[in-house]
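Listed below, chain by chain, are the residues.
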Amino acid sequence: MEFTKENMQLYIFMRCKLGEFAKLNHETLQTLCGECTCSYQTVCRWVKEFNEGKESLSDCPHLGRPKSCVNEPTIVSIKKDIDEDPHISVRELSDTKGLSYGIVHSIITEHLRMKKVCARWIPHLLTVEQKIDRFRFATELLNMFEPHGPKRLPDIVTGDETWFPFFIIPLKRLIRMWVDWQGHRPVVLRPGFQSRKRMFTVFFNYSGPLVVDILPQDTTMTATYYVQNVFSQLKSAINEQQPKVSTSRTLLLRDIAGPHKARATTQSLRELGIQVLPQPAYSPDLAPCDFWLFPILNERLTGRKFDSIQDPPKVLNSELWTIPEEDYQDVFQKWHIRLKHCIQSNGEYFEGLEKFHVCIINGLENTEQLSKHINPPSYSYSEGCCTCP
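Residues numbered from 1 in each chain as written. Predicted model: local features only at pLDDT ≥ 70, side-chain atom pairs only at ≥ 80, totals over all residues. Heavy atoms only, no water.

1. As for the packing of helix 2 (residues 22-33) against helix 3 (residues 40-51)
Packed helices, taken two at a time, are described by the angle their axes make and the gap between the axes. Where helix 2 meets helix 3, the axes come as close as 9 Å, and the angle between the chain directions of the two elements is 130°. With respect to helix 3, the element helix 2 is oriented oblique. Seen along the crossing, helix 2 lies across helix 3 with a hand that is right-handed. Between helix 2 and helix 3, the residues in contact are A22, K23, N25, H26 and L29 and Y40, V43, C44 and V47, respectively. Classifying every residue of the contact of helix 2 with helix 3 gives six nonpolar, two polar and one charged. (Axes fitted to C-alpha atoms, helices over the stretch in contact; angles between N-to-C directions. Helix = DSSP H or I, 4+ residues; strand = E, 2+ residues; numbered from the N terminus. Parallel < 35°, antiparallel > 145°, perpendicular 65-115°, else oblique. Left-handed = near helix turned anticlockwise from the far one by under 90°. Contact = heavy atoms within 4.5 Å. Nonpolar A, V, L, I, M, F, W, Y, C, P; charged D, E, K, R; others polar.)

The following block contains the structure:
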């Protein structure tokens, strides 16, 4: 026979009427029920209640809100408030409904099957035509770089321009620190509107950085400057890395900014025999500089203040060379993965790639077979050009 809670309570009730103590009752229950016996504290509580005149074997009602508060009208009322204000907090709902925080949270997550998420930033509101262009370009590029396609990832050279301030404001979470309870908050300099900054142009490939150019002060990035200062240095860097390979094998991946698509730039590329890969507009998620290199540099240089005009080029070059060569190779594998996600999302911006590990696309050769090991060469800088020969 299985001893239930009610059976044990009935036994204790009868022994209490005979005047036995809690200790004797518990020892007898252990003999009868074995491992199913309730604790000694529970027996003591039952004996006390029966001695005080309790006649029922059921438990007394507990204090607090009954479970009946989680009912259909309450769930519908909370759903209505959320529909009216999707930003409302659980605490606000708890105060207005007179329910505990835990009950409101349980209703939202378990009954309504909802969760609170942050809005996702996107660089541009894409039109239908732009989504079609992104889908088409991604398809063309994937066909080029398939395992038996005509192009190879190690032949890609990519680059872009970016403004580099002399002081990058650190993220708030990076400057939080423990202080004494009477301590003062730390202070961080916030640059004003006229903060000093310079434009840098960076080019890199499978082996690492090729060219780092700093735009001279009071100079505008034009097609003439782009051809005479950037492309000439890029050609020298490519020939220095692979002297026996013609520049006609080089594939240039860059956006369609004004200096990039000017007639002088196009003519210079044609003379060098460099093929330009198609790059859709408003697609920083498909540009290695935007989704990988520039965020890394900003993170590494956050909070560092430069007083001299010569300091940023030195530091930027040294930071570029501290990035392992494997990372430069992996970013092109990531770029290949992003092209597939662009197609899967029908040209829309996509997210969730931070959950993926860097992997090798099925069918591609081993990374070590795709590129030769090249030791970082010495380099020098001067205003107007910082070139890695």
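After presenting the structure, the write-up continues.
2. Re the pairing of strand 1 (residues 156-165)
For strand 1, the buried fraction is high: seven of the ten residues fall into the buried class. Both strand 1 and strand 4 (residues 251-253) contribute to a ladder of three bridges, which runs parallel. If you follow V157 over to strand 4, its bridge partner there is L252. Relative to strand 2 (residues 197-205), strand 1 is paired through eight bridges, and the arrangement is antiparallel. Each bridged residue has a counterpart across the sheet, and for T158 the counterpart in strand 2 is F204. (Buried < 20%, exposed > 50% of the residue type's maximum accessible area, 1.4 Å probe, protein only. Pairing = 2+ DSSP bridges.)

3. Brief notes about a negative patch on the surface
Judged by side-chain charge, E84, D85, E92 and D95 come together as a negatively charged surface patch. Within the secondary structure, E84 sits in helix 4 (residues 72-84). (Patch = residues over 30% accessible without salt bridge, like charges linked within 9 Å, V, L, I, M, F, W, Y side chains within 5 Å. Areas by Shrake-Rupley, 256 points an atom, 1.4 Å probe, with all protein chains shown as cover. Salt bridge = Lys/Arg side-chain N within 4 Å of Asp/Glu carboxyl O. Lys, Arg positive; Asp, Glu negative; His and termini not counted. Charge placed at Lys NZ, Arg CZ, Asp CG, Glu CD.)

4. Quick look at the pattern of salt bridges
Evaluation of the coordinates by the stated rule reveals ten salt bridges. Salt-bridge contacts for K79 lead to D83; the nearest nitrogen and oxygen are separated by 2.8 Å. Of this pair, K79 and D83 both sit in helix 4, four residues apart, which is roughly one turn of the helix. In this structure, the salt-bridge partner of R134 is D285, at a minimum N-O distance of 2.9 Å. Of this pair, R134 sits in helix 7 (residues 128-144) while D285 sits in the loop between strand 5 (275-276) and helix 10 (288-301), and the two are 151 residues apart along the sequence. The two residues R134 and D285 agree in class, both being buried. Here the residues in one salt-bridge network are D133, R136 and E140, joined through shared partners.

5. Let's talk about the pairing of strand 3 (residues 208-214)
Of all seven residues in strand 3, seven are buried, a share of seventy percent or more. Inspection of the sheet shows strand 2 paired to strand 3 by six bridges, in the antiparallel sense. Across the sheet, F203 pairs through a bridge with V211, a residue of strand 3. The antiparallel pairing of strand 2 with strand 3 creates a hairpin that spans two residues between the two strands.

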